[in-house]
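Chain by chain, the residues:
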Amino acid sequence: MAPTEPTANDERWMRRALELARDAARRGEVPVGAVVVSADGKEMAAAANAVETLKDATAHAEILALREAARRFGDWRLDSCTLYVTKEPCAMCAGASVNCRVGTLVFGAADPRMGAAGSALSITDFPGMLHRVAIRRGVCENECRAVLQDFFRRRRAEK
């Protein structure tokens, strides 16, 4: 599915995801934030990476937010929802977006090595999948990338 044009609310929700990412960085987590927004513009769920905190490799921001959104929405099918995330999802998170039938995925910074929403892989638009996710990329891209780069620069300096 071809990328769609950004909407007026994309920056607002990405800024919310950035708040979560910055909070994750303060806790020593890779700074990724995710927000699920319903079709009527309500925040259904918000999460930041919690891999280190929970000692769970699947505790990515997207997975945590999708789980909470499904719980609150009362259905695992989130086709009327938009998932905002500061970094392009990995294969696991892109696959979860497909499996949850997320309507639209909006991300900030592309991930050329591990991104699975069009950069390294394209799970969200893979032919033959039961669902394809509409993508909007590059929302607040520079700010999202800077949060990640600052985190890893500090981590390298600590070693």
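Residues numbered from 1 in each chain as written. Predicted model: local features only at pLDDT ≥ 70, side-chain atom pairs only at ≥ 80, totals over all residues. Heavy atoms only, no water.

J.: If you had to explain the nonpolar core to someone new, which residues and values would you point to?
T.: Ranked by internal contacts, the top residues of the largest apolar core, which has 47 residues, are Met-14, Val-36, Leu-66 and Leu-105. Contributing elements (two or more residues each) for this core: α1 (10–26), β1 (33–37), β2 (43–48), α3 (61–73), β3 (82–87), α4 (91–99), β4 (104–109) and α5 (141–158). If we skip the residues at most four places from it in the chain, Leu-105 touches Leu-83, Val-85, Pro-89, Ala-117, Thr-124, Val-133, Ala-134, Ile-135 and Arg-136. (Core = buried A, V, L, I, M, F, W, Y, C linked by side-chain atoms within 4.5 Å. Buried < 20%, exposed > 50% of the residue type's maximum accessible area, 1.4 Å probe, protein only. Helix = DSSP H or I, 4+ residues; strand = E, 2+ residues; numbered from the N terminus. Contact = heavy atoms within 4.5 Å.)

J.: So what's going on with the pattern of salt bridges? Residues and values would help.
T.: Evaluated as defined, the whole model comprises 15 salt bridges. Among the ionic pairs, Arg-22 bridges to Glu-143, the shortest N-O distance being 2.7 Å. Of this pair, Arg-22 sits in helix α1 while Glu-143 sits in helix α5, placing them 121 residues apart in sequence. The exposure class assigned to Arg-22 is partly exposed, which follows from its relative accessible area of 30%. Residue Asp-125 pairs with Arg-132 through a salt bridge whose shortest N-O separation is 3.5 Å. Through salt bridges with shared partners, a single ionic network connects Glu-11, Arg-15, Arg-22 and Glu-143. (Salt bridge = Lys/Arg side-chain N within 4 Å of Asp/Glu carboxyl O.)

Honestly, that's just the spatial picture; any functional story needs more than this.
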